[in-house]
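A closer look at the structure
Each chain is listed here by its residues.
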Amino acid sequence: MKEQIEALRQRFESELQAAQNSDAVEKLRVAYLGKKGSVTDLLKGLKAVAGDQKKEMGQLINQLKHQVEEGIAQQVEAIRAAEEERLIASAEQYDVTLPVDQSEGSYHPITLVQRQLEEIFSSMGFTIEDYKEIVTDYECFEAVNIPKHHPARDMQDTYYLSNGQLLKTHTSAAQNAIMRKYGAPLRAVFPGRCFRNESTDACHENTFFQMEGLMIDKDISISNLIYFMKTMLSEVFERDITVRLRPGFFPFVEPGFELDISCLICGGEGCPSCKNSGWLELCPCGMIHPNVLKMGGIDPEEYTGFAFGLGLTRLAMMKYGIKDIRDLNSGNLKALSQFKHE
Ligand code: PHE
């Protein structure tokens, strides 16, 4: 048994070296310490060991167990520290005191994030749709299950034109038209400028960008939603992102969720950026309400789907470490021309 313990120790050490992201370390933890893990197996095997050797073997196995636990904890910490360093390095690209280089133009940070997302979603089979900024009350509210006088309208006050049309408050305003255009099955994302009657501060603007996504098919479930969001966000942030869902209310989804990602700054331990919770709220989403499918001409008995509303503006701020949302609409080249090398 001694040799077996020693062999396991050596195997663990080399596997630990090779585990360079949190998923791999977690797998390793399960493989060694989980219910069916190798260390657990050794402990179980102790029963069969002869009485006089039991004590010594037990101690050796426990030593190994501690070593594995400690090795894993250290590796988790090392990965977190490396990610934090990367984040700080990338946040430093944003410096309002840098001189403006006017020799060549540059893309707006929101355009950069939007294009990156479009690329990721196209690679997953989504089409990219364009939609109007001026819409009807039906498109923006009624077609997404928010009838007249519904209290959910209070959250989305906007600017009305004298002909009764309005500036869209969310990209969900395009859901109905896109379902009608393509029917099911459907995979589409639609980025767009949105408006709300809001007083502005560092985190609020009256004009901002979202990207809506719809995936409708037979047997689409919450697992599909989680998988897509995790894959997409890990690509955007170029690292392993952990997501979690909390219940959230939006009349056009049932069940509805707020999707959080593990904090990019502290890796989930709690820091001022995530108000010590370890999580950042990123993206409301949910399973499309049957009424919404019906109004879009899709039979909810036959098809299900998920919808999400990514805040493009928020994502750009997180990705580039932009602290004041107002910089984005400022037209200030000093702030905005720093992203051309992305
Ligand atoms: N349209 C919602 C908003 O802007 C977000 C959302 C989209 C929620 C899709 C769920 C599903 O607040």
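Above this text is the structure in question.
Described below are features of the structure shown in this document. Only a predicted model underlies this, so the values are computations on that prediction, with no experimental measurement involved.

From N to C terminus, the protein chain includes eleven helices and nine strands. The globule rule puts the C-alpha radius of gyration for 342 residues at 20 Å, and the 25 Å found for the protein chain is more than 25% above it. Structurally, the protein chain occupies a C-alpha span of about 90 × 60 × 35 Å along its principal axes. Taken across its 342 residues, the protein chain has 46% of its residues classed as buried. Nonlocal contacts in the protein chain, meaning residues at least 24 apart in sequence, comprise 68% of its contacts between residues at least 6 apart. Counting only carbon and sulfur atoms, one obtains 51% of the accessible surface of the protein chain, whose full area is about 17900 Å². Of the charged side chains in the protein chain, 37 are positive and 49 negative; the average position of the first set lies 4 Å away from that of the second.

Another aspect to go through is the site of the ligand. What surrounds the ligand is a group of 14 residues, the closest being His170, Ser172, Arg196, Gln210 and Gly309. The contact in question runs from a nitrogen atom of the ligand to an N or O atom on the side chain of Ser172, over 2.9 Å. Separating an oxygen atom of the ligand from a side-chain N or O atom of Arg196 is a distance of 3.0 Å. Looking at the shell around the ligand, the elements with two or more residues in it are strand S5 (207-217), strand S8 (279-288) and strand S9 (304-311). Here the element with the most residues in the shell around the ligand is S9; it accounts for three residues. Looking at side-chain class alone, the shell around the ligand contains seven nonpolar, five polar and two charged residues.

Conventions we followed
- Residues numbered from 1 in each chain as written.
- Predicted model: local features only at pLDDT ≥ 70, side-chain atom pairs only at ≥ 80, totals over all residues.
- Heavy atoms only, no water.
- Helix = DSSP H or I, 4+ residues; strand = E, 2+ residues; numbered from the N terminus.
- Rg over C-alpha atoms; globule rule 2.2 N^0.38 Å.
- Buried < 20%, exposed > 50% of the residue type's maximum accessible area, 1.4 Å probe, protein only.
- Contact = heavy atoms within 4.5 Å.
- Areas by Shrake-Rupley, 256 points an atom, 1.4 Å probe, with all protein chains shown as cover.
- Lys, Arg positive; Asp, Glu negative; His and termini not counted.
- Charge placed at Lys NZ, Arg CZ, Asp CG, Glu CD.
- Near = heavy atom within 4 Å.
- Polar contact = N/O pair within 3.5 Å; in protein donor to acceptor, adjacent residues only side chain to side chain.
- Nonpolar A, V, L, I, M, F, W, Y, C, P; charged D, E, K, R; others polar.

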